[in-house]
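# Observations on the three-dimensional arrangement
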Amino acid sequence: MAKNRSLKSAARKQEQDTKSLSPSPGEVIITEHVASVFGVGKRPANANDSERPYVSLKYFDGSYECFSDWSKSDLLAFTDLLRRLSQMSWVQIMGTGGKKGGKTGLGCTRLSCSQLPASATSGLSEDLAYMEMRVSLKARIHGFRMNEAFFLLCLDKDHKICT
């Protein structure tokens, strides 16, 4: 009998604890791990610089150029780029940039919004951290960084956008 009361008491306490975690409308409760993965929540400035990025297609604009326009070797190079990105931190990625002739590896270069096709940046802020990354000798991808994420905006198989 005492065992049942103890179990009922524990169940009531668990139910109360769960209710206190119930989100109000429009509110989302996430674990610390999920917050870390998606780069949300309270974090020190530049905390994301040591994180490994992931690529998001949320704002991808296929009207400028589509993956179907790319050759098999360009697509393989893009896959290799994704692998390399997953093994680097943002500090390392940004370190591959530099002046013309001094870039290495990904050749990550900051861009202004006006350098990208208008269709790719439509509805986005001009203040975002726009950049280009080298996929192959010719091919580039363009997008912006927010926390750990790199939001791919457009493809540039012949490096025509920022020459």
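Structure: see above.
## Examining the packing of aromatic side chains
- For the structure shown, the criterion picks out eight aromatic pairs.
- Ring centres of tyrosine 59 and phenylalanine 144 lie 5.8 Å apart, and the angle between their planes is 40 degrees; on these two criteria the pair is classed as tilted. Here tyrosine 59 is found in the loop between β1 (54-56) and α3 (72-86), whereas its partner phenylalanine 144 is found in strand β4 (residues 140-146), with 85 residues between them in sequence.
- The partly exposed category is assigned to tyrosine 59, whose relative accessible area is 33%.
- Taken together, the aromatic side chains of Tyr59, Tyr130, Phe144 and Phe151 make up a single cluster linked through ring pairs.

## Things to note about unusual backbone geometry
- Even without being glycine, asparagine 147 reaches a positive phi, approximately 55 degrees.
- In this model, histidine 159 sits at a positive phi of 50 degrees, which is unusual for a non-glycine residue.
- Mapped onto the fold, histidine 159 is located in the segment after β5 (149-156).

## Side note on the pattern of salt bridges
- The tally for this structure, following the rule as stated, stands at three salt bridges.
- A salt bridge links arginine 84 to aspartate 80; its shortest N-O distance comes to 3.3 Å. Of this pair, arginine 84 and aspartate 80 are both found in helix α3, four residues apart, which corresponds to roughly one turn of the helix.
- With its nearest N and O atoms 3.7 Å apart, the salt bridge here joins lysine 138 to aspartate 158. With lysine 138 in the loop between β3 (129-134) and β4 and aspartate 158 in the segment after β5, this pair connects stretches of sequence that are 20 residues apart.
- Taken together, the shared-partner salt bridges in this structure form one network comprising Asp80, Arg83 and Arg84.

## What to know about the pairing of β5
- With respect to burial, β5 is a largely interior element, eight of its eight residues being buried.
- Bridge count between β1 and β5: three bridges; the pairing is parallel. The partner of tyrosine 54 across the bridge, within β5, is alanine 149.
- Summarising the sheet, β4 and β5 pair through seven bridges and their orientation is antiparallel. Counted as the bridge partner of methionine 146 is alanine 149 from β5.
- Linking β4 back to β5 in an antiparallel pair, the connection comprises two residues, with asparagine 147 at a positive phi of about 55 degrees.

## Considerations on the environment of leucine 153
- One can find leucine 153 in strand β5.
- Residues leucine 153 and serine 119 lie 34 residues apart in sequence; the distance between their C-alpha atoms is 9.4 Å.

## Topic: the sheet that holds strand β2 (residues 109-110)
- Spatially, the five strands line up as an open sheet ordered β1-β5-β4-β3-β2, and their pairing is mixed. The open sheet has two free edges, formed respectively by β1 and β2, since each of these has just one partner strand.
- The strands touched by α3 within the sheet are β1, β3, β4 and β5, with β3 carrying the most contacts at an inclination of about 120 degrees.

## Some details on the nonpolar core
- Ile93, Met133, Val135 and Ile141 are the most contacted members of the largest nonpolar core, which has 18 residues in total.
- Breaking this core down by element, the ones donating at least two residues are α3, α4 (90-94), β3 and β5.
- When residues in this core are grouped by element, the largest group, four residues, is from α3.
- Those residues in contact with methionine 133, other than ones at most four positions away along the chain, are Leu85, Trp90, Ile93, Leu106, Cys108, Ala139, Arg140, Ile141 and Phe150.
- Judged by nonpolar contacts, the second largest core, of 14 residues, contains Leu111, Phe151, Leu153 and Ile161.

About the criteria used
Positions within a chain are numbered from 1, following the residues in the order the chain's sequence is written. The predicted origin of the model limits local features to residues at a pLDDT of at least 70 and limits the giving and counting of side-chain atom pairs to 80 or more, whereas totals for whole chains, interfaces and linings rest on all residues. Excluded from the side-chain calculation are hydrogens and water; included are all heavy atoms of the structure. Centres within 6.5 Å are what make two rings of Phe, Tyr or Trp a pair, Trp counting through its six-membered ring; a difference in plane orientation under 30 degrees is then read as stacked, over 60 as edge-to-face, and the rest as tilted. A run of DSSP states H or I qualifies as a helix once it reaches four residues; a run of E qualifies as a strand once it reaches two. Both are numbered from the N-terminal end. The buried label goes to any residue with under 20% of its type's maximum accessible area, the exposed label to any with over 50%, and the partly exposed label to all in between, with areas taken from a 1.4 Å probe on protein chains only. When a carboxyl oxygen of Asp or Glu is within 4 Å of a side-chain nitrogen of Lys or Arg, the pair counts as a salt bridge. The criterion for strand pairing is that DSSP finds at least two bridges linking the strands in question. Only heavy atoms enter the contact rule, under which two residues are in contact if any of them lie within 4.5 Å. Axis lines are fitted to C-alpha atoms, over the contacting stretch for helices. Their N-to-C directions set the angle, which ranges from 0 to 180 degrees. Among the buried residues, those of types Ala, Val, Leu, Ile, Met, Phe, Trp, Tyr and Cys that are joined through side-chain atoms within 4.5 Å form a nonpolar core.

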